[in-house]
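Structural overview for review
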Amino acid sequence: MYDKILVTLDGTATDRAIIEHIKELAKLTHSRLVLIHVADGWAARTYGADAVAPEITEDTAYLKRVREEMEAAGIPVETELAYGEPAAQIVKWVEENGCDLVAMSTHGHGFLADVFFGTTAVRVQHRISVPVLMLRAR
């Protein structure tokens, strides 16, 4: 059912909700995972893959730690570090690579904050045609 699941990570504590959930789902459905983080600081937005900044080093190390956690659980996993505006880069990845499900944690700011500021999750959900699993972090 879910051969390839794209898991979006923002590098904050809210990621734990989707990591724990998707770890169990991937085991049950024998899915392979692609973990994506979008570096969106000034250097990443300006220089893309050529950016050199502490943010990029930290993001790469974070993806490696989560990948190792999934591998230790016996789940096949790849990582992808993208650069720029998160929603646009996630949508671009889905369009170029395809997947069966996009899984992401949400911060749960509340209705008014989401209406005025929008969320990456909502912007992604409305621009792709694959199912999106949004899990609100506690």
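Residues numbered from 1 in each chain as written. Predicted model: local features only at pLDDT ≥ 70, side-chain atom pairs only at ≥ 80, totals over all residues. Heavy atoms only, no water.

1. Digging into the overall build of the chain
Test applied: Only DSSP runs of H or I with at least four residues qualify as helices, and only runs of E with at least two residues qualify as strands; both kinds are numbered from the N terminus onward. The atom set for the radius of gyration is the C-alpha atoms, and the globule formula is 2.2 Å times the number of residues raised to the power 0.38. Between buried and exposed lies partly exposed: a residue is buried under 20% and exposed over 50% of the maximum accessible area for its type, with that area taken using a 1.4 Å probe on protein chains only. Surface accessibility follows the Shrake-Rupley procedure with a 1.4 Å probe radius. Residue values consider only the protein chains on display as shielding.
A tally of regular secondary structure across the chain gives 6 helices and 5 strands. Listed by position from the N terminus, the elements making up the chain come as β-α-β-α-α-β-α-β-α-α-β. Since a compact globule built from 138 residues should have a radius of gyration of about 14 Å, the 14 Å found for the chain is in line with a globular shape. Across its three principal axes, the chain shows a C-alpha extent of roughly 40 × 35 × 30 Å. Every one of the 138 residues in the chain was classed for burial, and the buried ones make up 43%. Split by element, the accessible area of the chain, about 7,700 Å² in all, is 54% carbon and sulfur.

2. Some thoughts on helix α3 (residues 54–72)
We count it as follows: A helix is expected to reach a length of 1.5 Å times the quantity of its residues less one. Relevant arc is that of directions from the helix axis to the C-beta atoms, nothing else. Residue contacts are defined here by distance: any two heavy atoms, one from each residue, within 4.5 Å place the two residues in contact.
Counted at 1.5 Å a residue, the expected span for α3 with its 19 residues is 27 Å, and the 27 Å between its end C-alpha atoms agrees. Listing the buried residues of α3 in full gives Ile56, Asp59, Tyr62, Leu63, Val66 and Met70. Around the axis of α3, the buried residues are gathered within 125 degrees of arc, so they sit on the same side. Counted as exposed and oriented over 90 degrees from the buried face of α3: Pro54, Thr57, Glu58, Arg65 and Ala72. Residues of α3 that are buried make contact with β1 (4–9), α1 (15–29), β2 (32–39), α2 (42–47) and β3 (77–83).

It is worth stressing that arrangement in space is one thing and function is another; only the former is reported here.
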